[in-house]
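# Chains, contacts and geometry: an overview
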Amino acid sequence: MVERLRGASKKWPMRPYSYYCTASWWLACTSPPNRGKRFTKDTARFKDELDIMKFICKDFWTTVFKKQIDNLRTNHQGIYVLQDNKFRLLTQISAGKQYLEHAPKYLAFTCGLIRGGLSNLGIKSIVTAEVSTMPACKFQVMIQKM
């Protein structure tokens, strides 16, 4: 299908997963800094990281994906797991095994959004995504201490 749209001799360049994560993080972080301030102006000050993660799971996720995160888990040592059982960007992809290995490419932008949102709130983090069954996915957020 892609070859038919772009011409039989041309193919899309294959780039490593880290390329997409870096590009989406850059896009999320270079958005106007006032956007994050405007988004949080009606909320109370955050006390700790857990409050910020709750904000990401409820308000931020609702604004971007029109629903809240289904599950938030933490080990209280800087690692959070956000689980979405029906992730909007994966619902249109078939649940076949051959598509399962390509699913993380569709999550790279969302990893960048989470990382950029946390960065705008003053938290440095590493965000990775995992898909075990379609359309459910998990985002692991590792907070880096400064």
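Attention in this report is confined to the structure presented alongside it. Worth saying up front: this structure is predicted, and the values here are computed from it rather than measured. (Residues numbered from 1 in each chain as written. Predicted model: local features only at pLDDT ≥ 70, side-chain atom pairs only at ≥ 80, totals over all residues. Heavy atoms only, no water.)

### Thoughts on the side chain of Asp84
- In this fold, Asp84 is placed in strand E2 (residues 79-84).
- Within polar-contact distance, the side chain of Asp84 engages the side chain of Trp61 at 3.1 Å.
- Separated by 2.5 Å, the side chains of Asp84 and Lys67 make a polar contact.
- Beyond its immediate sequence surroundings of up to four residues, Asp84 is in contact with Trp61, Lys67, Ile69, Asp70, Pro135, Ala136 and Cys137. (Helix = DSSP H or I, 4+ residues; strand = E, 2+ residues; numbered from the N terminus. Polar contact = N/O pair within 3.5 Å; in protein donor to acceptor, adjacent residues only side chain to side chain. Contact = heavy atoms within 4.5 Å.)

### Observations concerning the packing of aromatic side chains
- All chains considered together, the criterion is met by six aromatic pairs.
- One aromatic cluster is present, formed by Trp61, Phe65, Phe87 and Phe139 through successive ring pairs. (Phe/Tyr/Trp six-rings, centres within 6.5 Å; stacked < 30°, edge-to-face > 60°.)

### Some points on the side chain of Thr110
- In this fold, Thr110 is placed in helix H6 (residues 103-120).
- When its relative accessible area of 1% is taken as the criterion, Thr110 is described as buried.
- Leaving out residues up to four positions away in the same chain, Thr110 has contacts with Trp61, Phe65, Phe87, Leu89 and Phe139. (Buried < 20%, exposed > 50% of the residue type's maximum accessible area, 1.4 Å probe, protein only.)

### Observations concerning the nonpolar core
- If you look at the biggest cluster of nonpolar residues, it comprises 29 residues, and the most contacted ones within it are Leu82, Phe87, Leu90, Leu107, Leu118, Phe139 and Val141.
- Secondary structure elements with two or more residues in this core: helix H4 (49-65), E2, H6, strand E3 (125-130) and strand E4 (137-143).
- The biggest single contributor to this core is H4, with eight residues.
- With residues up to four places along the chain from it excluded, the contact list for Phe87 reads Trp61, Phe65, Leu107, Thr110, Pro135, Cys137 and Phe139. (Core = buried A, V, L, I, M, F, W, Y, C linked by side-chain atoms within 4.5 Å.)

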